[in-house]
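Okay, here's what each chain looks like letter by letter:
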Amino acid sequence: MNYFKLSENQNISVPKKANNPAILDTVHNYAYTVKWNYTFTDNDTVFSIGKAVPADLGDAEYVINVTEEGAYARGKDYKSAVKGFLSLLEMIFCYGKNDYRIETLSVRDSAKIPFRAIHICLFPEYSLNTIRKVVRTCGMAKYTHVILETWGSIKLDTLKELAWPNAFTKDEIRELVGEANALGMEVIPFFQHLGHAALARMGYAGKHTVLDQNLALEHLYYPKSYGWVWNFKNPEVKALLKSVRSELCDLFGEGEYFHLGCDEAGMEFDADELGDWLREVQDDLSEKGRRGIIWGDMLLSNDFFPDEPKDPNHPWRIAYGCNSTKEYAEKLLTSLDKRLIVADWQYDAVNAPWKTTSKIREYGFDVICCPWEIHENIPAAVSTAETEGCLGIMETTWNKLIVSPGVQNIVFAGLCAFGEKSFEYWHDSITDRAYNIFRRVAPEGKTYETSGWAEKQV
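Residues numbered from 1 in each chain as written. Predicted model: local features only at pLDDT ≥ 70, side-chain atom pairs only at ≥ 80, totals over all residues. Heavy atoms only, no water.

Per the secondary structure count, the chain includes 12 helices and 19 strands. In terms of overall dimensions, the chain is globule-like: its C-alpha atoms have a radius of gyration of 23 Å, near the 23 Å expected for 458 residues. If you take every contact in the chain between residues at least 6 apart in sequence, the share linking residues at least 24 apart comes to 76%. Element-wise, carbon and sulfur atoms account for 49% of the exposed surface of the chain, whose accessible area totals about 18,700 Å². Averaging the locations of the 49 positively and 65 negatively charged side chains of the chain gives two centres separated by 3 Å. (Helix = DSSP H or I, 4+ residues; strand = E, 2+ residues; numbered from the N terminus. Rg over C-alpha atoms; globule rule 2.2 N^0.38 Å. Contact = heavy atoms within 4.5 Å. Areas by Shrake-Rupley, 256 points an atom, 1.4 Å probe, with all protein chains shown as cover. Lys, Arg positive; Asp, Glu negative; His and termini not counted. Charge placed at Lys NZ, Arg CZ, Asp CG, Glu CD.)

With 13 residues, helix α3 (residues 128-140) should reach 18 Å at 1.5 Å per residue; the first-to-last C-alpha distance of 18 Å fits that figure. Counting buried positions along α3 yields 12 of 13 residues, so the element is predominantly enclosed. Burial in α3 covers these residues: Leu128, Thr130, Ile131, Arg132, Lys133, Val134, Val135, Arg136, Thr137, Cys138, Gly139 and Met140. At the exit of α3 stands Lys142, carrying a positive phi of roughly 70°. (Expected span 1.5 Å × (residues − 1). Buried < 20%, exposed > 50% of the residue type's maximum accessible area, 1.4 Å probe, protein only.)

The three strands lie next to each other as β1-β8-β7, forming an open sheet whose pairing is antiparallel. Each end of this open sheet is capped by a strand with a single partner; those strands are β1 (3-5) and β7 (93-96). The sheet shows a mean angle of 40° between the axes of neighbouring strands, direction not considered. As judged from the three bridges shared by β1 and strand β8 (residues 99-103), these two strands associate in the antiparallel manner. When the sheet's bridge partners are listed, Lys5 is paired in β8 with Arg101. (Pairing = 2+ DSSP bridges. Axes fitted to C-alpha atoms, helices over the stretch in contact; angles between N-to-C directions.)

In this section: the pairing of strand β10 (residues 115-122). Counting buried residues along β10, eight of its eight residues qualify, which places the element largely inside the surrounding structure. Along β10, one buried face is formed by Phe115, Ala117, His119 and Cys121 and the opposite face, lined by Arg116, Ile118, Ile120 and Leu122, is buried too. Examined bridge by bridge, β10 and strand β11 (residues 145-150) share six bridges and lie parallel to one another. Looking across to β11, one finds that His119 is bridged to Ile147. Read from β10 through α3 to β11, the crossover connection turns out right-handed. (Right-handed = clockwise from strand over helix to strand, strands pointing away.)

Let us look at the side chain of Ser225. Its place among the elements puts Ser225 in the loop between α5 (202-205) and α6 (235-252). One polar contact links the side chain of Ser225 to the main-chain amide nitrogen of Val229, over a distance of 3.4 Å. (Polar contact = N/O pair within 3.5 Å; in protein donor to acceptor, adjacent residues only side chain to side chain.)

The next subject is the sheet that holds strand β4 (residues 46-50). Remark on secondary structure: sheet strands pair via backbone hydrogen bonds, oriented parallel or antiparallel. Read from one edge of the open sheet, six strands run β3-β2-β4-β6-β5-β9, paired in mixed fashion. Every other strand in the sheet has two partners, leaving β3 (35-41) and β9 (105-109) as the edge strands with one partner each. Neighbour to neighbour, the strand axes of the sheet diverge by 10° on average, direction disregarded. The strands touched by helix α2 (residues 78-90) within the sheet are β2 (9-15), β4, β5 (62-66) and β6 (70-75), with β5 carrying the most contacts at an inclination of about 35°.

Here we take up the pattern of salt bridges. Here the structure, examined in full by the defined rule, presents 24 salt bridges. Between Arg136 and Asp25 there is a salt bridge, and its shortest N-O distance comes to 3.1 Å. Of the two residues, Arg136 sits in helix α3 while Asp25 sits in helix α1 (residues 21-30), which places them 111 residues apart along the sequence. Of the two residues, Arg136 and Asp25, neither departs from the other in class, the shared state being buried. One salt bridge connects Glu308 with Lys355, and the closest N-O pair in it is separated by 2.7 Å. In this pair, Glu308 is assigned in the loop between β14 (291-295) and β15 (310-311) and Lys355 in helix α9 (residues 355-362), connecting sequence segments 47 residues apart. Judged by relative accessible area, Glu308 falls into the buried class, the value being 19%. (Salt bridge = Lys/Arg side-chain N within 4 Å of Asp/Glu carboxyl O.)

What follows concerns the state of the cysteines. Throughout the structure, instances matching the rule amount to zero disulfides. Cys121 supplies the cysteine sulfur nearest to Cys138, a cysteine that is in no disulfide, at a spacing of 13 Å. According to the relative accessible area criterion, Cys138 is buried, its value standing at 0%. Lacking any disulfide linkage, Cys370 is separated from the closest cysteine sulfur, that of Cys369, by 7.2 Å. (Disulfide = S-S within 2.5 Å.)

Glancing now at the packing of α6 against helix α7 (residues 271-287). Two elements in contact, α6 and α7, have axes whose closest approach is 11 Å; the angle formed by their N-to-C orientations is 30°. Our classification of the angle between α6 and α7 gives roughly parallel. As for how α6 packs across α7, the hand of that crossing is right-handed. Across the interface between the two elements, Lys238, Leu241, Lys242 and Arg245 of α6 pack against Trp277, Glu280, Val281, Asp284 and Leu285 of α7. Partitioned by chemical class, the residues of the contact of α6 with α7 number four nonpolar, no polar and five charged. (Parallel < 35°, antiparallel > 145°, perpendicular 65-115°, else oblique. Left-handed = near helix turned anticlockwise from the far one by under 90°. Nonpolar A, V, L, I, M, F, W, Y, C, P; charged D, E, K, R; others polar.)

The subject of this paragraph is the packing of α1 against α3. One way to put it is that α1 packs onto α3 with a least axis distance of 11 Å and a crossing angle of 75°. As far as their axial angle goes, α3 and α1 are roughly perpendicular. Here Pro21, Ala22, Asp25, Thr26 and Tyr30 of α1 lie close against α3, whose contacting residues are Arg132, Arg136 and Met140. In terms of residue class, the contact of α1 with α3 is built from four nonpolar, one polar and three charged.

All chains considered together, the criterion is met by 21 aromatic pairs. Measuring from ring centre to ring centre gives 6.1 Å for Phe190 and Trp295, while their planes differ by 50°; the resulting arrangement is tilted. With Phe190 in strand β12 (residues 186-190) and Trp295 in strand β14, this pair connects stretches of sequence that are 105 residues apart. Its relative accessible area of 0% is what places Phe190 among the buried residues. (Phe/Tyr/Trp six-rings, centres within 6.5 Å; stacked < 30°, edge-to-face > 60°.)

What follows is the structure in structure tokens.
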């Protein structure tokens, strides 16, 4: 034989940290008719099935060893070990009724990009079931961080109008964070601190989370911004945003980062004044052991790249996403606190390295490269992050989370940034693999509406 066949009553040993539905449901769904007999151990670095044979980790992030008697996954820590174990689960295939096998192999693997984040917008229309499946899929795709942006979708004590009445409760969010942690991922809170202050898709649906519920709160926004920009010059706004940061940090648990947004706005304010405020914000975050992340478009100008062709669909801009004047961008690049991390979103850039990333790096910032939905955009981001010495990548999803190519790109971007060796024999179709993962991570009790990644097929 060249495979390990699972028995109908299969012994399995996993760390106590893995005793979570995100892990247990997934194990069950990859070998549906197997009865798993669990042992939960204090060893955070080893997962084993059957009579597993240990293997030397060396300097790798994790090692997988499958013999005819059992399967073994070990990592340098829990986060690494669980990535190896989830890779191992993907190697289980059904060959007949009650016949689940894993081909024998031994592989050591390490990530080429250490920081691999996924940005998820929590729109009020998404069910908790959908978000749970997406977060679990991110674990399978080897992400290290999940960034949850609230679009009026998390009930906060700071101000009730910051969320719609049907928003997620704190208990629901804590459950989600717990699942992400069990899958070896840190959850990063995201709350817009400047532009996009509507916390809703104004351009698509004309909604404004706060003002549509209470027009008496109009004073929180910068005059003539029509509710688009928080007026941080107002002490009440500063206090509100500080309270939101504290509340979200407490809700999301231990972590190193906080995404502040700050895209598509800023020139309403003096650059030095904006820089001073963001320094105040970073000081507050530093007391919490966190670094702020901001979008990079307001630090970039088309004039920085005079040789770049114009975007034929948007003649006022080049193919790079640059939303500032040269003078304003230079002031921000010079004056902003270098503790802030810049997330360089470039959704049309399919060639590496990105010139925008190089420009921001020149000023001493840590940078995260952020692709989106164009397939070729993703490896260009990964390559840029490697060659420019960036902190990592952040795959964005926006309104395409559950619309093609949303889930496919989530899987592709995560595995592309990891650079996995475990599946060199894998079929080229990332869509098929994404389908399979999404089905396997699903909680029990599926219906037509809760199956797949969209509620309806048409």
